[in-house]
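# Survey of secondary and tertiary structure
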Amino acid sequence: MTEQDLAALSFKAAAHDLEQIVRHVAARYIRQRVPLTWRLLHAIEAEALADLGFASRHDAGMRQLFERPADMAFPETDDPIDFGRSNALPAVFSFAVAAYEAASDVSGTRKPARSARPAKAWGD
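Residues numbered from 1 in each chain as written. Predicted model: local features only at pLDDT ≥ 70, side-chain atom pairs only at ≥ 80, totals over all residues. Heavy atoms only, no water.

## Comments concerning the packing of aromatic side chains
Test applied: Pairing of aromatic rings covers Phe, Tyr and Trp, the last counted by its six-membered ring, and requires centre-to-centre distances within 6.5 Å; plane angles under 30 degrees mean stacked, over 60 mean edge-to-face, and any other angle means tilted. Exposure classes here rest on a 1.4 Å probe applied to the protein chains alone. A residue is buried below 20% of its type maximum, exposed above 50%, and partly exposed in between.
Taken as a whole and judged by the stated rule, the model has seven aromatic pairs. Ring centres of Phe74 and Phe83 lie 5.9 Å apart, and the angle between their planes is 85 degrees; this geometry places the pair in the edge-to-face category. Exposure remark for Phe83: the relative accessible area of 16% places this residue in the buried category. Taken together, the ring pairs in this structure connect Trp38, Phe74, Phe83 and Phe93 into an aromatic cluster.

What follows is the structure, encoded as structure tokens:
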């Protein structure tokens, strides 16, 4: 196995690990029926990338590959997310959107669970 093969395997493992972390973080908000807004997307990104387990399992160079480039700015508002026609998404954003879409697909086929109190979007 070449060094390039090992690097590819390391990247794949880190991506899978980060996806699981993002799905876990997003699931907390999904259970509370908190809509996915720009502000929440940024919060999910910050929490996932700061995960101590992720940091301990992957070296700094690998972790940096998943950080959003400084020139890739997104709004930090309570507006619902809309990427328009863009298909260039940071990994964490992509994983969070996929988690919300998967939950939406499931909730569309089942009767939604009732919560003790209605969840409110941040800022309401």
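The discussion continues.
## Considerations on a nonpolar patch on the surface
Stated precisely, the cut-off is as follows: A patch consists of residues exposed above 30% relative accessible area that lack any salt bridge, with like charges linked at up to 9 Å and nonpolar side chains (Val, Leu, Ile, Met, Phe, Trp, Tyr) linked at up to 5 Å. Only the protein chains shown count as cover for residues, with accessible areas throughout obtained via the Shrake-Rupley method and a probe of 1.4 Å. A pairing counts as a salt bridge when a side-chain nitrogen of Lys or Arg comes within 4 Å of a carboxyl oxygen of Asp or Glu. Note on conventions: DSSP H or I runs of at least 4 residues are helices, E runs of at least 2 residues are strands, and numbering of each starts at the N terminus.
Together, Met1, Leu6 and Leu9 give the surface a local cluster of nonpolar side chains, amounting to about 350 Å² of exposed area. Here Met1 lies in the segment before helix 1 (3–31).

## With respect to the pattern of salt bridges
Tallied over the entire structure, the rule returns five salt bridges. Of the charged contacts in the structure, one is a salt bridge between Arg28 and Glu47, with a shortest N-O distance of 2.9 Å. Of this pair, Arg28 sits in helix 1 while Glu47 is found in helix 2 (residues 38–49), placing the two residues 19 residues apart along the sequence. On the basis of relative accessible area, Arg28 is assigned to the partly exposed category, the value being 27%. We note a salt bridge from Arg68 to Glu45, for which the minimum N-O separation is 2.6 Å. Taken as a pair, Arg68 in the loop between helix 4 (60–64) and helix 5 (91–109) and Glu45 in helix 2 lie far apart in primary sequence, 23 residues in all.

## Side note on helix 1
To keep things clear, this is the line we draw: Helix span is expected to be 1.5 Å times the residue number reduced by one.
Taking 1.5 Å per residue as the helical rise, helix 1 with its 29 residues ought to reach 42 Å, and the 42 Å between its terminal C-alpha atoms agrees with that figure. Considered for burial, the residues of helix 1 that qualify are Ala14, Ala15, Asp17, Leu18, Ile21, Val22, Val25, Ala26 and Tyr29.

## Describing the nonpolar core
Note the cut-off: Take the buried residues of types Ala, Val, Leu, Ile, Met, Phe, Trp, Tyr and Cys, join any two whose side-chain atoms come within 4.5 Å, and each joined set is a nonpolar core. Should any heavy atoms of two residues lie within 4.5 Å, those residues are counted as being in contact.
Leu18, Val22 and Ile44 are the most contacted members of the largest nonpolar core, which totals 27 residues. Of all the elements in the fold, those that place two or more residues in this core are helix 1, helix 2 and helix 5. Broken down by element, this core gets its largest block of residues, eight residues, from helix 1. Once residues within four sequence positions are removed from consideration, Ile44 is found in contact with Val22, Val25, Ala26, Tyr29, Leu36, Val92 and Ala96.

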